[in-house]
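# Summary of the model geometry
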Amino acid sequence: MMPYLFGGLVILNAATLGYYLFLQQPSVSQSVQDTQKALIEPVDFINSAEHIPPVIGSKN
């Protein structure tokens, strides 16, 4: 009796795992959509070299 029960649970577990991995489409929340949109959009370039202080010991 126990081998049949164990085998049935293994098959049920495999079927459930297969359903969640391959058949069910994940739902994307609004925060995930906003983050993906922010990552795809280009970032404004700022030349940070203009704001670097002079090297210590220089006469600038």
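Here, the structure is the one placed above.
Residues numbered from 1 in each chain as written. Predicted model: local features only at pLDDT ≥ 70, side-chain atom pairs only at ≥ 80, totals over all residues. Heavy atoms only, no water.

## Some remarks on the overall build of the chain
What the chain contains, in helices and strands, is 2 helices and 0 strands. Whereas a compact globule of 60 residues would reach a radius of gyration of roughly 10 Å, the chain reaches 28 Å, over 25% beyond that. Overall, the C-alpha framework of the chain stretches about 90 × 30 × 15 Å when taken along its three principal axes. (Helix = DSSP H or I, 4+ residues; strand = E, 2+ residues; numbered from the N terminus. Rg over C-alpha atoms; globule rule 2.2 N^0.38 Å.)

## Remarks on the packing of aromatic side chains
Taken as a whole, this structure holds 1 aromatic pair when the rule is applied. Consider the rings of Y19 and Y20, whose centres lie 5.1 Å apart with planes at 75°: the pair is edge-to-face. (Phe/Tyr/Trp six-rings, centres within 6.5 Å; stacked < 30°, edge-to-face > 60°.)

## Thoughts on the environment of L5
Position of L5 relative to the elements: it lies in helix α1 (residues 2–23). Its relative accessible area of 47% is what places L5 among the partly exposed residues. In this structure, the C-alpha to C-alpha distance between L5 and Q36, residues 31 residues apart in sequence, is 45 Å. (Buried < 20%, exposed > 50% of the residue type's maximum accessible area, 1.4 Å probe, protein only.)

## Section: a nonpolar patch on the surface
Together, L17, Y19, Y20, L21, F22 and L23 give the surface a local cluster of nonpolar side chains, amounting to about 730 Å² of exposed area. Turning to its location among the elements, L21 is positioned in helix α1. Of the residues examined, L21 reaches a relative accessible area of 55% and is grouped as exposed. (Patch = residues over 30% accessible without salt bridge, like charges linked within 9 Å, V, L, I, M, F, W, Y side chains within 5 Å. Areas by Shrake-Rupley, 256 points an atom, 1.4 Å probe, with all protein chains shown as cover. Salt bridge = Lys/Arg side-chain N within 4 Å of Asp/Glu carboxyl O.)

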